[in-house]
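Okay, here's what each chain looks like letter by letter:
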Amino acid sequence: MDLRELGRRAGSLHELDRTAPAPENWRVELIGVPAGADVHLRLRLESVMEGVLVSGDLDVPVTGSCARCLEPIEDTLSLDVQELYAYEGSTTEATSEEDEVRRIEGDHLDLEPLARDTVVLALPLAPVCSEDCAGLCVDCGQRLDDLPADHAHEIVDARWAGLAAKLGTDPSTSSPGAPGESPTTEEN
């Protein structure tokens, strides 16, 4: 963003409504912004004594996978932003650490780091397709929401396998109780 049209007079205002393509790597493990996706910025740039105050909001599409069932997720994040960019030689620049405040480089303002930080910090580390997503069955790996309510798997207790073999019973039909008793199932 070129700041020459904004000027340095405190109170000067410039509104920005722009759509730009998202760069690579705006993501966390399971969800992120697709490279090249449209990021819509609606910002106010206000000249203040110490620099330029940038405030407004941005809309960005995100895609990824549910952390519970691995189904695809598509959504749009609407995020508020507010950041002070300090002028070179201002009191704010002199009294703050290098990474505490963003700085204006010449007559230009780089909005990409602000947008990237806002988006990546807002991304969920464990996104879900719905709040009541049941996840995957630990035994068969199928999505529990797609399975019948009485879905269950037979449990074979390996501790009884040797004794069941001596008694001539099938260990796959033995329960954890004792050899030869009726099998039990475990519901997920």
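For the structure, check the block above.
The model shown is predicted, which means the values in this text are computed figures rather than measured ones.

What's the story with the overall build of the protein in this structure? I'm lost.
On a plain count of helices and strands, the protein comes out with 3 helices and 9 strands. Starting at the N terminus, the α and β elements of the protein follow one another as β-β-β-β-β-β-α-β-α-β-α-β. Going through the 188 residues of the protein one by one, you find that 31% of them count as buried. Of the contacts formed within the protein by residues at least 6 apart in sequence, a portion of 54% connects residues at least 24 apart. Only carbon and sulfur atoms are counted for the fraction: they give 48% of the accessible area of the protein, which is about 11500 Å².

What is the right way to look at the nonpolar core in this model?
In this structure, L45, V52, V54 and L109 are the most contacted members of the largest nonpolar core, which totals 34 residues. Mapped onto this core, the elements with two or more residues apiece are β3 (31-33), β4 (38-48), β5 (51-65), β6 (72-86) and α2 (112-122). Aside from chain neighbours lying at most four places away, what touches L45 is M1, L3, L6, S12, L13, H14, L16, V52, L53, V54 and L109.

Would you mind showing me how to read the environment of L111 here?
Here L111 shows up in the loop between β7 (102-103) and α2. Sequence-wise, L111 and M1 are 110 residues apart; in three dimensions their C-alpha atoms are separated by 7.3 Å. Aside from chain neighbours lying at most four places away, what touches L111 is M1, L16, L43, V54 and Y85.

Please clarify how the environment of D139 should be interpreted in this entry.
Relative to the elements of secondary structure, D139 occurs in the loop between α2 and β8 (152-154). Along the sequence, D139 and E154 sit 15 residues apart, while their C-alpha atoms lie 9.8 Å from each other.

What counts and how
- Residues numbered from 1 in each chain as written.
- Predicted model: local features only at pLDDT ≥ 70, side-chain atom pairs only at ≥ 80, totals over all residues.
- Heavy atoms only, no water.
- Helix = DSSP H or I, 4+ residues; strand = E, 2+ residues; numbered from the N terminus.
- Buried < 20%, exposed > 50% of the residue type's maximum accessible area, 1.4 Å probe, protein only.
- Contact = heavy atoms within 4.5 Å.
- Areas by Shrake-Rupley, 256 points an atom, 1.4 Å probe, with all protein chains shown as cover.
- Core = buried A, V, L, I, M, F, W, Y, C linked by side-chain atoms within 4.5 Å.

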